Every structure is written in C-alpha cells, then in structure tokens.
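Chain residues, written in single-letter form:
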Amino acid sequence: MQELGMRYRARWIYTTFIMTAVFLCSSYKPLPVYEPEPILPEFILNIPSYKFIEPDFNDYSDPVITCDSASSTIQFSRAGNLILLRAKADTTEGYFILDTGAPYLILNMTYFRGYPGNPTAEGSEGGITGSVSSATPTRVKELTMGGFHYHGVEADRINLGHIEDSKGVKILGLFGMQLFKRFEMIIDYENNLIHLHLIQKKEARVYKSEMLRDATAYNTFPIQIKDNKLLLNAIIGGKTLSFVIDTGAESNIIDSRLPNKVFNNITINRRVVLAGNGQRKVEALYGDMSDFKIGDVSITKLPFLVTNLEEMCTAYNVSCLDGMLGFDFLSLHKIGFNFVTRKMYIWK
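Everything in this summary refers to the structure shown in the same document. (Residues numbered from 1 in each chain as written. Predicted model: local features only at pLDDT ≥ 70, side-chain atom pairs only at ≥ 80, totals over all residues. Heavy atoms only, no water.)

1. Quick look at the sheet that holds strand S24 (residues 335-338)
Phase 1: A sheet is described by the order of its strands in space; here six strands give the open sequence S3-S12-S11-S24-S25-S13, paired in antiparallel fashion. Only two strands of the sheet have a single neighbouring strand rather than two, namely strand S3 (71-75) and strand S13 (218-222). Pairwise comparison of adjacent strand axes, ignoring direction, gives a mean angle of 15 degrees for this sheet.
Phase 2: Pairing of S3 with strand S12 (residues 193-198) involves five bridges; the strand directions are antiparallel. Along S12, the bridge assignment pairs Gln75 with Leu193. (Pairing = 2+ DSSP bridges. Helix = DSSP H or I, 4+ residues; strand = E, 2+ residues; numbered from the N terminus. Axes fitted to C-alpha atoms, helices over the stretch in contact; angles between N-to-C directions.)

Structure follows, in structure tokens:
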C-alpha cells in the first residue's frame, strides 16, 4: 500500500513537471537578438584627437588676415571623405585638411620639425582610440591659401602619419576653426568647391553671398562657437544634444553613454573597429538614425557610429559633447556657415 502511494506521488510530480514545462514553452517568446555582421578588418577614423589641456595654448591670438580679394572660390581635392586645400606655410607648399573640429592651425611634425617651439608641459593628447603624443607649439610667419594671407599664425605640431598612411597622401597639416572665424564659408561637395568671403567689420551684420539671396532655397539654423569649436544643437528622441560640426570627421559619431531613448531611434546594422592615432583599437557600432531633427527640419536616415566619447570629452576640456557631425551629415546638401553672425545654411 505504501509502495502504491509512493508510485502515485511520483506520477503526480512527473505530471506537474510536464504540464509546467508545456505551459512555459508555449508562452515563451524569445527576445530579439541582434546578430551583427562580422567585425570589419579595420575602420580608420579620422577625427580631431588633439588634447587641448593647456589653457595658454587654447588662447592663441587670432592672426592678421590680408587678401587679394575679399571673395574667393577654391577648388578642393578629396582624400576619401576629407577636404584637401592646397596652401603654403612659409616656404612649404602642399595639402592641408579642412578641419573645423580642430581649434586652430595644426602642423604635421614630419615637415615642420625644424621650427622653434617647446613641447607642452605635461600630458598627452586624447582621442577615442587613446592618447597620442603631446603637441608642440610653434609659429608660421605667413600662411597662404587661395587669395588669403595669414600673418603670424600660432600653431601646434603633432604627428599626422596615421592619416597619411590611410589616405596615401602627403598632409602638411589641418586648417582649424580659428582660421575661418571672420569668414562666410559655403561648401559644395558635389562640385568640390569652397566659396569663402572675408567679412569686413562694416559689413558684419549685412553681408550675404549672392548664393543666399533666395531665402526660400535653404534653411537657416543657429550655431555656436565656443573655444574655437563649432557647435550645433539637434534633437533626438525628444532630447536636445550638442554636436561638434567637424569637416575633418569622415563619419557622424554619437556617445554610447547617452540615454536609451536616444538609441531607440538607431537601427544597428554592423560593428566596426576604430583605429585612429591613439595606441589602441576600439570596437563600435554602426547604424542609421531615424529621427534626427535640427530646428523644424527632420532627417529620417543618417548614419552614425556609436562609441564611448569619454576620452574625447576630456580632450576637449569642456562639458561633455554628445557627438560629432562629419561628412555623412555635411555632404547631404550644399551647406554654408557665417561664422560672424553664427548661422548655418543648408540648401533644400
């Protein structure tokens, strides 16, 4: 009798287990799993990774600018998604990258090693891919680009070999934001043209290029310039974010530490490995942003790299930036900037 009771109890336990398992299996819905493509062999990320740790070096005085003509149209070359401008620094002539993500003139140490100057007192420069060698300040007597002449230009020198290696082009340096603070600049990626106008004091409030006469042809947005950094506010997922507008960045970048509601608007489609001029390689995600809004204008599909920007925030020595807008944003339409009145123009 006792044996029969134990048999019924065992059968009850077994039946209960089976019924529970069936219920759980029937109600189970697997979570969606992102299966990324294989990691790409390498992605060379050319972004400003210069450490601006010394306040004295941030406070470079603006150079004196003279010109053959106040307006000039310059044909530029391309190295991948980078804009190359031909210019002359004293007696050295060659290509410089237009890089609004850099604060001022950056020279390639390889070609300006003989210039006088002392290395920064401490530290090294920081970027997404780690620290790089510290900058060495110097001075260029005359910098000539098109019909514009800059006199007494203070600059930093660093090694830009990582860009030269990835692009196969000799790069003398980077034209940073300080060089264009008195200009209106219109970039036409389709025709590889830059239209520059040196804005005089008497026309500061009224000047507009002939290309801007038809106000219905473009949208206007406010921009900011802080510490020689060009900033734009954008809205993603209802949150206002601050981006650096960077002509020297080949991709748009957003900080992976932002709230989840921002990333609800991004469809990830692959992983990449970032390699810059730092000492390590960093894995990042790559996807499309579905809701990127500037003012009243929405961009429904904009590619972004998602990675941790903590070290870059330290490098900029300001309140943390939420990301960078590079080639993928800038090349969507003809785009212009008036750095005096702090306005950005995007053609429709």
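2. Thoughts on the environment of Pro303
Phase 1: Position of Pro303 among the secondary structure elements: in strand S22 (residues 302-307).
Phase 2: For Pro303, a relative accessible area of 17% translates into the label buried.
Phase 3: Residues Pro303 and Ile268, 35 residues apart in the sequence, show an inter-C-alpha distance of 9.6 Å.
Phase 4: When neighbours within four sequence positions are excluded, Pro303 is seen to be in contact with Asn252, Tyr286, Gly287, Asp288 and Asp328. (Buried < 20%, exposed > 50% of the residue type's maximum accessible area, 1.4 Å probe, protein only. Contact = heavy atoms within 4.5 Å.)

3. Structural notes on the pairing of strand S16 (residues 239-245)
Phase 1: Of all the seven residues making up S16, five are buried; the element is thus mostly covered by neighbouring parts of the structure.
Phase 2: Direction of pairing for strand S15 (residues 229-236) relative to S16: antiparallel, over a ladder of six bridges. Across the sheet, the residue bridging to Leu232 is Phe243, located in S16.
Phase 3: Taken together, S15 and the strand that follows it, S16, pair antiparallel across an intervening segment of two residues, in which Gly237 is found at a positive phi of about 60 degrees.
Phase 4: Bridge count for S16 against strand S23 (residues 323-325) is three bridges, and the pairing is parallel. By the bridge assignment, Ile245 is partnered in S23 with Leu325.

4. Focus on the packing of aromatic side chains
Phase 1: All told, the structure shown has 14 aromatic pairs when counted by the stated rule.
Phase 2: When the ring of Phe243 is compared with that of Phe304, the centres are 6.1 Å apart and the planes differ by 55 degrees; the resulting orientation is tilted. With Phe243 in strand S16 and Phe304 in strand S22, the pair connects residues that are 61 residues apart, well separated along the chain. We note that Phe243, like Phe304, is buried.
Phase 3: Members of the aromatic cluster, joined through ring pairs, are Phe243, Phe292, Phe304 and Phe329.
Phase 4: The aromatic ring of Tyr111 is capped on one face by Lys170, whose charged end is 4.7 Å from the ring centroid.
Phase 5: Above the ring of Trp347, the side-chain terminus of Lys334 is found at 4.9 Å from the ring centroid. (Phe/Tyr/Trp six-rings, centres within 6.5 Å; stacked < 30°, edge-to-face > 60°. Lys NZ or Arg CZ within 6 Å of the ring centre and 35° of its normal.)

5. Notes on the nonpolar core
Phase 1: Membership of the largest hydrophobic core comes to 63 residues, with the highest contact counts inside it found for Phe180, Ile254, Phe292 and Phe329.
Phase 2: Filtering out sequence-adjacent residues up to four positions away, Phe180 remains in contact with Leu98, Met145, Tyr150, Phe175, Met185, Leu196 and Phe339.
Phase 3: If you look at the next biggest cluster of nonpolar residues, it comprises 14 residues, including Tyr104, Ile106, Ile158 and Ile171. (Core = buried A, V, L, I, M, F, W, Y, C linked by side-chain atoms within 4.5 Å.)

6. Description of the pattern of salt bridges
Phase 1: Going through the model one piece at a time under the given rule, you end up with seven salt bridges.
Phase 2: We note a salt bridge from Glu250 to Lys167, for which the minimum N-O separation is 2.9 Å. Placement of Glu250 in the loop between S16 and strand S17 (253-255) and of Lys167 in helix H3 (residues 161-167) is noted, with a sequence separation of 83 residues between them.
Phase 3: Overall, Glu250 belongs to the buried group, its relative accessible area being 8%.
Phase 4: Between Asp255 and Arg257 there is a salt bridge, with the nearest N and O atoms lying 2.7 Å from each other.
Phase 5: Taking the relative accessible area as the measure of exposure, Arg257 reaches 41% and is therefore partly exposed. (Salt bridge = Lys/Arg side-chain N within 4 Å of Asp/Glu carboxyl O.)

7. Remarks on the layout of surface pockets
Phase 1: Each pocket or cavity is described by its volume, and for the largest pocket that value is around 170 Å³.
Phase 2: Along the walls of the largest pocket sit 13 residues, with Val297, Ile299, His333, Ile346 and Trp347 positioned nearest its centre.
Phase 3: When residues of the lining of the largest pocket are traced back to their parent elements, those giving at least two are S13, strand S21 (297-299), helix H6 (327-330) and strand S25 (343-347).
Phase 4: When the residues that make up the lining of the largest pocket are grouped by side-chain class, the tally is ten nonpolar, two polar and one charged. (1 Å grid on protein atoms, 1.4 Å probe; cavity = no way out; pocket = protein on both sides within 12 Å on 5 of 7 lines; lining within 4 Å. Points joined across faces, edges and corners; volume = space filled by probe spheres on them. Nonpolar A, V, L, I, M, F, W, Y, C, P; charged D, E, K, R; others polar.)

8. Examining the pairing of S25
Phase 1: S25 sits mainly inside the fold: four of its five residues count as buried.
Phase 2: Both S13 and S25 contribute to a ladder of five bridges, which runs antiparallel. Note that in S25 the partner of Tyr218 across the bridge is Trp347.
Phase 3: Relative to S25, S24 runs antiparallel, the two sharing four bridges. The residue of S25 that forms the bridge with Ile335 is Ile346.

9. Considerations on unusual backbone geometry
Phase 1: Here the phi dihedral of Asn228 falls at roughly 60 degrees; this positive angle occurs in a residue that is not glycine.
Phase 2: Mapped onto the elements, Asn228 comes out in the loop between strand S14 (224-226) and S15.
Phase 3: In this structure Asn228 comes out as buried when scored by relative accessible area, which is 9%.
Phase 4: Although it is not a glycine, Arg342 sits at a positive phi angle of roughly 60 degrees.
Phase 5: Summarising the element assignment, Arg342 is placed in the loop between S24 and S25.

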